[in-house]
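Inside the fold
Okay, here's what each chain looks like letter by letter:
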Amino acid sequence: RFVRKLPIFTSMSDEQAGKAIVESIQQKLTDTLKASFVKVEDLSDGCGAKLDLIVVSDEFEGKALLERQRSVHEAIAEEMKVVHAITMKTKTVKQWEAMKEKEGR
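Focus on the overall build of the protein chain
The secondary structure content of the protein chain amounts to three helices and three strands. Listed N to C, the secondary structure of the protein chain is α-β-β-α-β-α in terms of helices and strands. Within the protein chain, buried positions represent 37% of all 105 residues. A total accessible area of about 6,600 Å² is found for the protein chain, and carbon and sulfur atoms account for 50% of it.

Here's what the structure looks like:
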């Protein structure tokens, strides 16, 4: 199966490239947005083209949802070149803790 890859991933299999993209996104979001929690789930059978993100950062405090999502997209602009679909939840630490408490975790 054909998956577009960034030049640094061209020598990898689709599965290896997918894992590398997930790891790269996790690191960039943690570093760029000073995220206290990042979860990147590959929903594309391992190739990294369809992702679900949860990003928790106090950098989102006072920002509207669209601003938060733009911040995420800017942080992972290079990886977005090979991502076909992305969904995300962006929460402040306070919102995340309240959500977890409500869910009973």
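Describing the pairing of strand E3 (residues 85–91)
Summarising the sheet, strand E2 (residues 50–56) and E3 pair through seven bridges and their orientation is parallel. Pairing of valine 56 across the sheet is with lysine 91, part of E3. For the crossover from E2 across helix H2 (residues 65–75) to E3, the handedness is right-handed.

Some points on the confidence of the model for the protein chain
Of the residues in the protein chain, 84% reach a pLDDT of 70 or more, and the chain-wide mean stands at 87. When the elements of the protein chain are averaged for pLDDT, helix H1 (residues 14–32) gives the smallest value, 87, and H2 the largest, 97.

A word on the nonpolar core
Core analysis: the largest hydrophobic core is formed by 19 residues, its most contacted members being Ile25, Leu29, Leu53, Val55 and Val72. Among the secondary structure elements, those contributing two or more residues to this core are H1, strand E1 (37–42), E2 and H2. At four residues, the largest contribution of residues to this core is made by H1. Excluding residues within four positions of it along the chain, valine 55 makes contact with Leu29, Leu33, Ala35, Phe37, Val38, Phe60, Val72, Lys89, Thr90 and Lys91.

Topic: the sheet that holds E3
With mixed pairing, the three strands of this open sheet are ordered in space as E1-E2-E3. Lying at the two open borders of the sheet, with one neighbouring strand each, are E1 and E3. On average, each strand axis in the sheet is inclined to that of its neighbour by 10 degrees, with strand direction left out of account. Here E1 pairs with E2 via six bridges, running antiparallel. Considered in E2, the bridge of glutamate 41 is made with aspartate 52. Of the strands in this sheet, E2 and E3 are in contact with H2, which crosses E3 at around 120 degrees. Contacts from helix H3 (residues 93–103) reach E1, E2 and E3 within the one sheet, and its direction differs from that of E3 by about 95 degrees.

A closer look at the environment of lysine 89
By secondary structure assignment, the location of lysine 89 is in strand E3. Judged by its relative accessible area of 43%, lysine 89 falls in the partly exposed class. For the pair lysine 89 and leucine 65, spaced 24 residues apart in sequence, the C-alpha to C-alpha distance is 9.1 Å. Setting aside residues up to four positions removed in sequence, lysine 89 forms contacts with Leu53, Ile54 and Val55.

Conventions adopted
- Residues numbered from 1 in each chain as written.
- Predicted model: local features only at pLDDT ≥ 70, side-chain atom pairs only at ≥ 80, totals over all residues.
- Heavy atoms only, no water.
- Helix = DSSP H or I, 4+ residues; strand = E, 2+ residues; numbered from the N terminus.
- Buried < 20%, exposed > 50% of the residue type's maximum accessible area, 1.4 Å probe, protein only.
- Areas by Shrake-Rupley, 256 points an atom, 1.4 Å probe, with all protein chains shown as cover.
- Pairing = 2+ DSSP bridges.
- Right-handed = clockwise from strand over helix to strand, strands pointing away.
- pLDDT = per-residue confidence, 0-100.
- Core = buried A, V, L, I, M, F, W, Y, C linked by side-chain atoms within 4.5 Å.
- Contact = heavy atoms within 4.5 Å.
- Axes fitted to C-alpha atoms, helices over the stretch in contact; angles between N-to-C directions.

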